[in-house]
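# Overview (structure and organization)
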Amino acid sequence: MGSPHWGLGIRLVSYLFLVMMTNKCVGDGNLSTTSCPEKERLALIKFKHSVEDATGMLSSWGIGSDCCRWERVGCDIVTGRVVSLHLRANSSDDYVFADNNDWPDGHVVVVGIFDRYQLVGNEVNPCLADLENLKHLDLSGNYFQYNPIPKFIGSLKQLRYLSLSYAHFSGCIPHHIGNLSNLKVLDLSSWSYLKTDDMAWISGLSKLEHLDLSGVDLSGTKNLHNLLYAIPSLLKLSLSRCGFSLAHLVSHHLNSSKELVIINHQDISENNFRGQLPSFVLNMTSLVSLDLSNNHFSMPWSFKRFIDMMPSLLELRLSGCKLRKINLSPHNLNYSIHSNIQHLDLSLNEIDGRLPSVLTNMSSLLSLDLSANRLSSSIPVIPNLLKLDISRNKFQQIEDVRIWEQCYLKELIVSDNELVGEMISSSTNVSKCSQNELEILQLDSNMLNSSIPESLGIFSNLRGLYLSFNKLTGPIPEALGNLRSLQELQLSSNQLIGPVPKFHGQLTLLNLADNQLNGSMPESLGKLKALTMLYLESNQLIGSIPESLGGLTSLRVLSLSSNLLKGTIPKSIGQLTKLYYLDISNNSLQGVVSEGHFANLSMLKYLNADYNNKLHFNISPEWIPPFQLQVARLRSCKIEDGFPQWFRTQKKLVELVMSNASIYGPLPTWLRLMPIISLLDLSYNKLTGSLTNLPIYEVRYDLVGMLLLQNNIFTGFIPRWLCTRTDLRVLDLSRNNLTGKIPKCLRNLPLSAMLLGSNRLTGGISSALGNPSLEWLQLNDNNFNEELPQDGRSLTSLIVMDLGENKFTGSIPEWIGENITMLSALRLHKNDFTGKIPLSLCKSQNLQILDLGHNNLTGSIPHCFGELDGMKSSYYYDNPISVFSQGNMMQVLKGATLDYTKNLAFVINMDLSSNKLVGRIPEALTKLEALIGLNLSSNNFSGSIPKDIGDMKSLFSLDLSANELSGVIPQSMAALNFLSHLNLSHNNLSGQIPTGNQLRTLTDPSIYADNTYLCGAPLPKECYPREKPPPTTSKKKDENANEPNRLWFYLNIACGFATGFWGIIGVLVLKKEWRHKLFMFCEVAMDKIYVAVNVRILKLKRRRGREAA
């Protein structure tokens, strides 16, 4: 029954063996006696020149005249003709390092292959058509920029093997491929960029055995049935993710021809099929492997008929088919007949409760995948089962998994469940099996909170133990160190304590990261000669790095970051010839690092020595490293003698971080000739000069570009060539001495953050406001002196805009609120804006920072500010400000100007101080319960303080000083439990100062200074019971009540004035004699005063003369 399966394997293996032997004997030039023809050699050279080969895959092409000796080229041993090109993208020597926080100071937790393209080209050069004897062509995994598959490939009539898999082609598959009548393997799998209109061409491939069209769009393809009936030799067919329908495939053209029985490997997964099981599948009686995953067939299935008609079926995949437990009940799944299925995948379905009992009766079953269901009850023992995957289910008790009773299982995966408590309960019998066959045990990502049991030592065959991401406590038991067969041990992210124990056996991976292990690193680690990966980061290890680690000749990854390690780095580390990842960051290492520490690290790709403040890098300028780094992080180390010269040889750098590393002087000229470094961070140094020496070569990697040069002493203009950095997402040139204008071309870059604050830039900012991808714009503390542009429609993604400390004039434009609805922080502090606060700001519902202080704004506070959702509730994890960790913003809180960086997402502040705003403080502002700072000082606000101000529960800074506020201080202010800064001085407040709660701690009298009618602590003026403060509760009501009194007051004044004035003046006008006597009296009095003054002056002069004599 297994003959079709083995037939396919033998044919493919035989064919590949012949190809490999051809390449071995001829491609290496060991047995070749004939050189390749000149025409073919030139064709290969021409192809090399038509592609970009940044990784050197074709570096040997052109060396010598015999192309048969070039790498990845195979020739016929007799004729010397090129018969194979193995140009599959190969990234096995390059690695990417995934961090918790990608930029720039994250903690590395995963190491993997760096997925990038090796060959990049606009097209496949037609020169390959000159290789007329080509039998094997593999271009898979390269990057041909979504151009069409070239038609000339159909002229390579000798091809047996053609793979263009995931090579980034697009468009229609050329029907010329149907001319390749000798083809046995055709792989055109794609990321849904390829399609074909008609499958008629496939009938020309009469010898085809393996066809993979996964990801090719077949939704509108004619003659689709040819895939099943026109290729009698076809053994393996993959049509995953092709988007065709069952009705389309099973059209009226189909019949029951015998070709169907030949196919023994069928993959039609992920096509979203619905309805009954396709009849053509049931007719493929020779099927060995069938994948129906991620389809949704209607139920009930006739599984009995399904199994009866496929006696050869060994592997069945039904992942993601929305199966439920009832679909696998004995009623629907009758296994009264014998089944040969060995591998069954039922993952990602809706099976709940207990394991379907019918599965325990499948005696042939070797591997069962039930992951990502909703199982929660006890798992039975299935005698012949070797592998069981029940990860991502709902198991809560370790007893339900029955680890200690699965005597025959070799691999048990219970990751990512809800297991709690101890790994062994009081009722567990750990000696139930006479012999345990378990080799792999995965219990990671649960909630186990006990110690690791010593009884795990009974699994003497254990090769892999995975207990990471639990809450395990206590020390690591010695029993684990005695497991002689153990190859991989993962105990990371628990709460384990104690020292690192001694391990034996053949450990290749040891991961104890993110625990609370203490003590020093044992010298015995140096005896684990098979160790390839060692993770000890984020513990409390002390002492120095052992010299013995230099003996781990197989070590590829060494991660010791975030411990308490001291001392120097042993030079024996330089003997780890296979090491590609070295992380010693966040320790207290000291001493000098020289080239001797890297002497033989020819494979090193990743170096992280961040935050070792006493570590000095003193490397000779003439030294040429044996490695090519991709990531170098030397943040907060001491780098001597300026910019490190040895980096001039590092042509593959993707990330270079040397911030706060005491680097001084200008950028070296050789840096300009380097390929662009995607993440370049030289911030917080003393670098001087212009930016002209930054790397300018074209981008090589499809990565997010970041250029971080803040806090240096750079001068000159922002270079225009930065506009060629099409990868650039973050540009931070803040806190330098740059001058000139912002280049207009920067608006064409896909920047998400532009930080140019604290320079000496001038002009306008229209070039910074045209980027629709911009999220963070920081231009504060410059010399911009124009009005803001009136059109900002493109800034739809902006989250933070800081234009403070400039000389902007005019009014605040309406588009800031109309178009930037995602705005979370707006800072226009210390400019010359005039006019009213635009009502459109109320449309920016996410606003949590609004700083319009120190301008010349007039009018009143818009009442709609009380509806700003960003100030009503705090949300850090979904806060868009928290996504970007590079930005900072100055804010006035608690009477001081503070620079917020990492905590900026927690700041919710409104500052309207030092303007010319008038009117009352809107009661609506008291709805802003999440506001922590409110500054309305130095305006012309009148009326009383809102009585419900106590509802602003989060306030810890409130400044209402230097206004014209009147009335009493609301008693509700005592409910502000977090209030630590209060300023109500220089107003017209009256009455007794409220007491209680947080107000008792605010004992500074200056808080209430210059409020004449205020009394009570902390002011020295006491409040007396008989004193009644001027009523202020209802100003209008009081005015109406006092209206009659005011009328009589003015009437009395008028009468008194008339009586006094005319009683005297009227008499003098009518009585001439009285008038003359009054004037004579005044004249005599004036004469007497004149004489008296002069006499007094003479006496003073005489006295001074005598004193002088």
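To be clear, the structure that these remarks concern was listed above.
Residue indices begin from 1 for each chain and proceed along its sequence in written order. At least 70 in pLDDT is required for a residue's local features to be given in this predicted model, at least 80 for side-chain atom pairs to be given and counted, and no such filter applies to totals for whole chains, interfaces and linings, which use all residues. To obtain the side-chain values, all non-hydrogen atoms of the structure were used and water was disregarded.

Pairing between two strands requires that DSSP report at least two bridges joining them. Every helix listed is a DSSP run of H or I at least four residues long, and every strand listed is a run of E at least two residues long, numbered separately from the N terminus. Taken in spatial order, the five strands line up as β62-β64-β66-β68-β69 in an open sheet, and their pairing is parallel. In the strand order of this sheet, the two ends are held by β62 (918-919) and β69 (1013-1015), each with one partner. Bridge analysis of strand β64 (residues 940-943) against strand β66 (residues 964-967) gives two bridges, and the strand direction is parallel. Pairing of S942 across the sheet is with E964, part of β66.

Note on placement: Q848 falls in the loop between β56 (832-836) and β57 (849-851). In this structure Q848 comes out as buried when scored by relative accessible area, which is 1%. The spacing of Q848 and V907 is 59 residues in sequence and 7.3 Å in space, taken between C-alpha atoms. Within the local environment of Q848, its side chain forms a polar contact with the backbone oxygen of V907, the two atoms lying 2.8 Å apart. Note on exposure labels: buried denotes an accessible area under 20% of the residue type's maximum, exposed denotes more than 50%, and partly exposed covers the range between, all computed with a 1.4 Å probe on protein chains only. Under the rule applied, a polar contact is a pair of N or O atoms within 3.5 Å (in protein, one hydrogen donor and one hydrogen acceptor; residues adjacent in sequence only if both atoms are side-chain atoms).

What follows is about the packing of aromatic side chains. Aromatic rings from Phe, Tyr and Trp, with only the six-membered ring used for Trp, were paired whenever their centres fell within 6.5 Å, and each pair was classed as stacked if the ring planes differed by under 30 degrees, edge-to-face if by over 60, and tilted otherwise. Tallying each qualifying case throughout the model produces 18 aromatic pairs. Ring centres 6.0 Å apart and planes at 75 degrees place the aromatic pair F598 and F627 in the edge-to-face group. One end of the pair, F598, is in the loop between β36 (590-593) and β37 (606-608); the other, F627, is in the loop between β38 (614-617) and β39 (631-633), and 29 residues separate them in sequence. Take F598 and F627: they sit in the same class, and that class is buried. Exposure remark for F627: the relative accessible area of 2% places this residue in the buried category. Of the aromatic side chains, those joined through ring pairs into one cluster are F598, W623, F627, W646 and F647.

Here the focus is the nonpolar core. Only buried residues count toward a nonpolar core, which is a set of Ala, Val, Leu, Ile, Met, Phe, Trp, Tyr and Cys residues joined through side-chain atoms within 4.5 Å. Formed by 271 residues in total, the largest nonpolar core has its most connected members in F47 and L85. Top contributing element to this core by residue count: helix α2 (residues 38-49), with four residues. Here a residue-residue contact requires only that any non-hydrogen atoms of the pair lie within 4.5 Å. Every residue in contact with F47, bar those within four places of it in the chain, is listed here: L58, W61, L87, L119, V124, N125, C127, L128 and L139. Within the second largest apolar cluster, 20 residues are counted, among which are V657, L708, W776 and L904.

Right, let's talk about unusual backbone geometry for a bit. Keep in mind that most residues, glycine aside, have a negative phi and that most peptide bonds are trans. Following A1017, the chain continues to P1018 via a peptide bond in cis, the omega torsion being 10 degrees. Tracing the sequence through the fold places P1018 in the loop between β69 and α10 (1035-1041). Even without glycine at this site, S636 takes up a positive phi of about 60 degrees. By the secondary structure assignment, S636 is in the loop between β39 and β40 (638-639). By relative accessible area, which is 7% here, S636 ends up buried. Phi is positive for D1010, which is not a glycine, with a value near 60 degrees. Assignment of secondary structure puts D1010 in the loop between β68 (988-992) and β69.

In the sheet, strand β44 (residues 686-689) pairs with strand β46 (residues 713-716) via two bridges, with the strands oriented parallel. Bridge pairing links T688 to I713 in β46. Strand direction decides the pairing type here: β46 and strand β48 (residues 737-740), joined by two bridges, are parallel. Within β48, the residue paired with G716 across the bridge is L738.

No statement about biological role is implied by the geometric values presented.
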